[in-house]
Amino acid sequence: MSRVNDFAFKIATANGTGSASANGLIMQAIFRMGIPVTGKNVFPSNIQGLPTWYEIRVNKDGYTARTPHFDLMVTLNPATYQKDVTEVRPGGWLIYDSTWPFDKRLHRQDVTYLGIPLAQMCNDAFKGVRERILMKNIAYAGALAALLNIDTEIIRALLKEKYGRKPALVDSNQKAVDLGYEFAKANFDCPLPIRLEAMDKTKDAILIDGNTAAALGCLYAGATVGAWYPITPATSLMEAFKGFCQKYRKEPETNRNRYAILQAEDELAAIGMVIGASWAGARSFTPTAGPGISLMSEFIGLGYYAEVPAVLFDVQRTGPSTGMPTRTQQGDLMLCAYASHGDTRHICVYPSDPKEAFEFAVKAFDLAERFQTPVFVLSDLDIGMNDWMVPKLTWDDTYRPDRGKVLTAEELEQAKSFYRYLDVDGDGIPYRSLPGIHPKGAYFARGSGHNKFGGYTEDGEEYQEVMERLDRKIQRAAKFVPQPIVKTVPGAKMGLLTIGGCHAACVEALDLLAKDGVSLDYMRVRGFPFGDDVRAFLESHDVNFIVEQNRDGQLRNLLLDRKSTRLNSSHGYISYAVFCLKKK
């Protein structure tokens, strides 16, 4: 089973033991060796004590989908020994802490067991209970360095980068690395048949999580107001935005903040603050998850009907209700597309990785202001909270925000009249004014029935006229949302269509099918409403496979939005077992 730069391993520990630092160290070291790598953190929703796993896949060809097979397992949590043993590929290896005997009933004939007395070594080498627990994790990182041929000089450099201001921590961590490394070298044949060799495939890439990338996108888009109520898995997005603002959103001369970040008492208050700030002219947003969108629905309807821009980041998690806060899913596709009571229909964008999370964050603010409406950015826990290897982020310095149809004081002064909801240009988008700019721009931003002049009405025809204009306006956005990614194969009669984070698994699956002589065209939708190209793709195939992560086929239902699309034959591949999609 000898393989170079093409294998996967998994580390099983308990939450709260400090394993995240060791796992991050391993992944960063592999990345700096120039080898494509991806990591998935599977963690519980409590603070401490329950099982947690970290999966690392190394693939020289750059595939990043989660794999169901693990060549090596580091199992350090007795509560998960039995589960961990079953996940090792035949012919693989299992590392355990031999300070205590490993239950012989869990031994498999087709797995090689590598015992390392991690606890004993750290008890002898370090003082204090907490330090011993933390250094045990760093020690297994050292053992993996020997077994997998990870460059120890890179590890040394990473420790100095992280703890450079605290020499004692550099020394203790390096000591723990050396303990694990030297034990493995002395007791096992190193490296294993699965091993690493330096490459040059990461020089134009970075490791970043989607929430940090999205927060950076908000900064570059010119957002100055953020309001939120803490919720997993979206909280780190606002935390990252706060960090960026503290560095880049201050007046150089006075050091005064040029931003406002508000932690609200609940999600409904948060979206209310965002709509208020947007109405006043600020680019504002809120990060949340499915439960938050549910609570925000009334204000979302206000934003739609009163035509106020707003950006909402839905980092999707498993529902319904509280569900499983630390597991991923694509269960909010329908919720966001039609949020709030009555007839609403919202612009949505669907990033597939952190790079698109950055780009689509900027796009979302432009869409919100151009179309004067709430816009949803739907990522998920896997994209938002895991580190992904993506191409370096780029920026066009000529970018200028698209503020849409905002009348200036001079334009209002010259205008004979101003009616907030009047479709002057025939494109469904009226002109808006900002408060305090000019007396002629004053209007009542109503959530109650209103006519095209902004006056209150209970007349059915006047109400219908406004609603039909809103509908035309949102459908017009189909040409402005990120367009689908399409890959066609000559002669293909079948199509595969997917969304968001399913992309990585679908791309790898298509390549595997192609090797077997099976050809499929491919489309990944990136924005809603869908345009004519989506309908044309579906109607051009005898069979379409629709891949998504929820139980009810929500993407398929969206594709049939208003029954404008005819599906000759469609098969849904539904995976909603709370983990990111695997390649089979």
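Nothing here was measured: the structure is a model prediction, and the numbers come from that model.

> Quick question: what am I supposed to make of the pattern of salt bridges here?
Between side chains of opposite charge, a pair can form as their charged atoms come close. A full pass over the atoms with the stated rule returns 34 salt bridges. For the salt bridge of D382 with K40, the shortest nitrogen-to-oxygen distance reads 3.0 Å. Of this pair, D382 sits in helix α13 (residues 381-385) while K40 is found in strand β3 (residues 37-42), placing the two residues 342 residues apart along the sequence. With its nearest N and O atoms 3.4 Å apart, the salt bridge here joins K452 to E465. One end of the pair, K452, is in the loop between α14 (409-414) and α15 (460-476); the other, E465, is in helix α15, with 13 residues separating them in the sequence. Relative accessible area serves as the criterion here: at 39%, E465 is assigned to the partly exposed category. Counted as one network, the salt bridges with shared partners bring together K10, E55, R66, K83 and E87.

> Hey, could you run me through the packing of helix α9 (residues 267-279) against helix α10 (residues 290-306) in this one?
Each pair of packed helices can be described by the angle between their axes along with the distance between the axes. Two elements in contact, α9 and α10, have axes whose closest approach is 8 Å; the angle formed by their N-to-C orientations is 30 degrees. The orientation of α9 with respect to α10, classified from their angle, is roughly parallel. Once α9 is placed against α10, the crossing between them reads as right-handed. Only G292, L295, M296, F299 and G303 of α10 make contact with α9, whose side of the interface consists of E267, L268, I271, G272 and I275. Residue composition of the contact of α9 with α10, by class: six nonpolar, three polar and one charged.

> Sorry, what's going on with the nonpolar core here?
One broad rule of soluble globular proteins: the nonpolar side chains tend to lie buried together. F9, I26, I30, L72, L144 and I150 are the most contacted members of the largest nonpolar core, which has 55 residues in total. Here this core takes 11 residues from helix α4 (residues 129-148), the largest share from any one element. Beyond its immediate chain neighbours, meaning those up to four positions away, L72 contacts A8, F9, K10, W93, I95, L144, L148, L192 and I194.

> Could you clarify how one ought to interpret the sheet that holds strand β12 (residues 284-288) in this entry?
Sheet strands associate in pairs through backbone hydrogen bonding, adopting either a parallel or an antiparallel arrangement. Taken together, seven strands build an open sheet; the order of strands is β11-β10-β12-β13-β15-β14-β20 and the sheet is mixed. At either margin of the open sheet sits one strand with a lone partner, and together these are β11 (260-263) and β20 (527-528). For strand β14 (residues 347-349) and β20, the ladder comprises two bridges, and the chain directions are antiparallel. Counterpart to V349 in the pairing with β20 is G527.

> Just checking my understanding: could you explain the sheet that holds strand β7 (residues 112-116) for this structure?
Pairing is mixed in the open sheet, where six strands are placed in the order β3-β4-β2-β5-β6-β7. The open sheet has two free edges, formed respectively by β3 and β7, since each of these has just one partner strand. Direction aside, neighbouring strands of the sheet carry axes that sit 15 degrees apart on average. Pairing geometry for strand β5 (residues 70-75) and strand β6 (residues 88-97), over five bridges, is parallel. Looking at β6, one finds that M73 is bridged to L94. Sheet strands in contact with α4 are β2 (6-14), β5, β6 and β7, and its direction is about 165 degrees off that of β2.

> Where do I start with α10 in this structure?
Since the α-helix packs 3.6 residues into each turn, any two residues three or four apart lie on the same face. Taking 1.5 Å of rise per residue, 17 residues should cover 24 Å, and α10 covers 23 Å from first to last C-alpha, within 8% of that figure. Where α10 bends most, the angle comes to about 60 degrees, and this point is S297. Along α10, the residues that are buried comprise G290, G292, I293, M296, S297, I300, G301, G303, Y304, Y305 and A306. Buried-residue contacts for α10 involve α9, β12, β13 (310-316), α11 (333-337), β15 (374-380) and α15.

> Before we go on, may I ask you to explain the pairing of β11 in this structure?
Here is the key point about a regular strand: its side chains alternate between the two faces of the sheet. Examined bridge by bridge, strand β10 (residues 225-228) and β11 share four bridges and lie parallel to one another. Bridging from a neighbouring strand, W228 pairs with Q263 of β11. On the question of chirality, the crossover connecting β10 to the parallel β11 by way of helix α8 (residues 235-248) is right-handed.

> Whenever I open this one, the state of the cysteines confuses me. Can you help?
Note on terminology: disulfide describes a covalent bond linking the sulfur atoms of two cysteines. One pass over the full model with this rule turns up zero disulfides. In this structure C218 is a free cysteine whose sulfur lies 9.0 Å from that of C245, the closest cysteine sulfur available. Using a relative accessible area of 0% as the deciding quantity, one classes C218 as buried.

> I keep staring at the side chain of Q554 and nothing clicks. Help me out?
Within the secondary structure, Q554 sits in helix α18 (residues 554-559). Overall, the relative accessible area of 11% leaves Q554 in the buried class. Contacts of Q554, omitting those with residues within four sequence positions, involve Q330, G331, D332, L333, M334 and E548.

Cut-offs applied
- Residues numbered from 1 in each chain as written.
- Predicted model: local features only at pLDDT ≥ 70, side-chain atom pairs only at ≥ 80, totals over all residues.
- Heavy atoms only, no water.
- Salt bridge = Lys/Arg side-chain N within 4 Å of Asp/Glu carboxyl O.
- Helix = DSSP H or I, 4+ residues; strand = E, 2+ residues; numbered from the N terminus.
- Buried < 20%, exposed > 50% of the residue type's maximum accessible area, 1.4 Å probe, protein only.
- Axes fitted to C-alpha atoms, helices over the stretch in contact; angles between N-to-C directions.
- Parallel < 35°, antiparallel > 145°, perpendicular 65-115°, else oblique.
- Left-handed = near helix turned anticlockwise from the far one by under 90°.
- Contact = heavy atoms within 4.5 Å.
- Nonpolar A, V, L, I, M, F, W, Y, C, P; charged D, E, K, R; others polar.
- Core = buried A, V, L, I, M, F, W, Y, C linked by side-chain atoms within 4.5 Å.
- Pairing = 2+ DSSP bridges.
- Expected span 1.5 Å × (residues − 1).
- Bend = angle between axes of the 7 residues up to and from the residue.
- Right-handed = clockwise from strand over helix to strand, strands pointing away.
- Disulfide = S-S within 2.5 Å.

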